[in-house]
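Residue-level structural notes
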Amino acid sequence: MWIFDKILEMAVGAMIVAATAVGFAEVISRYVLGNSINWSFEFLQIVLVYTTFVGGFLATRNRSHLRVTVIVEMLPRYVRLGCFLLAQLGISVTTVVMTIWGWDYAFKFTGTATDMMHIPVVYLYIIVPICGFAMTCQVLVDTLLGLRRFVLRGEAETFDFVLPGFGEEMDREAIKS
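Not measured: the values here are computed from a predicted model. (Residues numbered from 1 in each chain as written. Predicted model: local features only at pLDDT ≥ 70, side-chain atom pairs only at ≥ 80, totals over all residues. Heavy atoms only, no water.)

Here's the deal with the environment of Val96
Structurally, the position occupied by Val96 is in helix 3 (residues 77-106). Looking at Val96, the relative accessible area reads 34%, which means it is partly exposed. (Helix = DSSP H or I, 4+ residues; strand = E, 2+ residues; numbered from the N terminus. Buried < 20%, exposed > 50% of the residue type's maximum accessible area, 1.4 Å probe, protein only.)

Some points on a nonpolar patch on the surface
Together, Leu86, Leu89, Val93, Val96, Val97, Ile100 and Trp101 make up an exposed nonpolar region whose accessible area comes to about 690 Å². For Val97, the location among the structural elements is in helix 3. (Patch = residues over 30% accessible without salt bridge, like charges linked within 9 Å, V, L, I, M, F, W, Y side chains within 5 Å. Areas by Shrake-Rupley, 256 points an atom, 1.4 Å probe, with all protein chains shown as cover. Salt bridge = Lys/Arg side-chain N within 4 Å of Asp/Glu carboxyl O.)

Examining the packing of aromatic side chains
Taken as a whole and assessed by the stated rule, the structure comprises seven aromatic pairs. Seen from their ring centres, Tyr78 and Phe150 are 5.3 Å apart, and the 70 degrees between their planes marks the pair as edge-to-face. Residue Tyr78 is found in helix 3, and its partner Phe150 is found in helix 5 (residues 127-153); the two are separated by 72 residues along the sequence. Put simply, the rings of Tyr105, Phe109 and Tyr125 touch in pairs and so form one group of aromatic residues. The ring centre of Tyr78 lies 4.7 Å from the NZ or CZ of Arg77, which sits over that ring. (Phe/Tyr/Trp six-rings, centres within 6.5 Å; stacked < 30°, edge-to-face > 60°. Lys NZ or Arg CZ within 6 Å of the ring centre and 35° of its normal.)

A few points about the packing of helix 3 against helix 5
Two numbers describe how helix 3 lies on helix 5: the axes approach to 8 Å, and their chain directions differ by 165 degrees. On the basis of the axis angle, helix 3 is roughly antiparallel to helix 5. You can see that helix 3 and helix 5 cross each other, and the crossing is left-handed. Its residues assigned to classes, the contact of helix 3 with helix 5 shows 16 nonpolar, nine polar and two charged. (Axes fitted to C-alpha atoms, helices over the stretch in contact; angles between N-to-C directions. Parallel < 35°, antiparallel > 145°, perpendicular 65-115°, else oblique. Left-handed = near helix turned anticlockwise from the far one by under 90°. Nonpolar A, V, L, I, M, F, W, Y, C, P; charged D, E, K, R; others polar.)

With respect to the confidence of the model for the protein
Per-chain confidence: the protein averages 86 in pLDDT, with 88% of residues scoring 70 or above. Contacts for the low-pLDDT stretch residues 161-171, under 50 throughout, to residues beyond four places or in other chains number five contacts. (pLDDT = per-residue confidence, 0-100. Contact = heavy atoms within 4.5 Å.)

What about the nonpolar core?
In this structure, Val54, Ile127 and Cys131 are the most contacted members of the largest nonpolar core, which totals 23 residues. Those elements giving two or more residues to this core turn out to be helix 1 (2-31), helix 2 (40-61), helix 3, helix 4 (121-125) and helix 5. Sequence-distant contacts of Val54, defined by excluding residues within four places in its chain, comprise Leu8, Val12, Ile127 and Cys131. (Core = buried A, V, L, I, M, F, W, Y, C linked by side-chain atoms within 4.5 Å.)

Let's talk about helix 3
In this model helix 3 runs 43 Å from its N-terminal to its C-terminal C-alpha over 30 residues, within 8% of the 44 Å that 1.5 Å per residue would give. Looking only at helix 3, the buried set comprises Arg80, Leu81, Phe84, Gln88, Ser92, Thr95, Met98, Thr99, Gly102 and Ala106. Each element contacted by the buried residues of helix 3 is listed here: helix 2, helix 4 and helix 5. (Expected span 1.5 Å × (residues − 1).)

Things to note about helix 1
The terminal C-alpha atoms of helix 1, which comprises 30 residues, lie 43 Å apart, in line with the 44 Å expected from a rise of 1.5 Å per residue. Within helix 1 the residues assigned to the buried category are Asp5, Leu8, Val12, Met15, Ala19, Val22, Glu26 and Ser29.

Re the pattern of salt bridges
Taken as a whole and assessed by the stated rule, the structure comprises four salt bridges. Note that Arg61 is salt-bridged to Asp5, the shortest N-O span being 2.5 Å. With Arg61 in helix 2 and Asp5 in helix 1, this residue pair connects regions lying 56 residues apart in the sequence. According to the relative accessible area criterion, Arg61 is buried, its value standing at 19%. As a salt-bridge pair, Lys6 and Glu9 come within 3.4 Å of each other at their nearest N and O atoms. Linking Lys6 with Glu9, this pair stays in helix 1, spanning three residues, or about one helical turn.

Next comes the structure, spelled out in structure tokens:
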């Protein structure tokens, strides 16, 4: 799945660059030239919705959503497992609700299109249930892998996440100098 992840990361990066460029062009056009770009609001709305939900899926996939684990790390092993399962259950409920409600919401707009770009509105919102379903699947996989880790190594979740440029990498550089 590494190639899939890289493609999604590049797509999110491209969407952020496109949103920034169009937003900047809109500001220049409106305040310098005195004329607004008609389609910029709709374009930015679509790009930001897609960026948000695809980025959320990538964060779920990479387990890089914000986690505060300082108290959980001090708990006994079985309590940590319970915390892990409770967190996974909460995330699963959220992503299932996002999938169901997103599906209903997206298809409320069947037959309607955006005003300027004439894009069917269902295309704007269909990313919500798609990413909700993908996140649900990822959370289920993470839960099963966590249970497997608990059985094999005695720990459902590892707390050794290190941001690039911090932690061990910085320690190695400090030792060299």
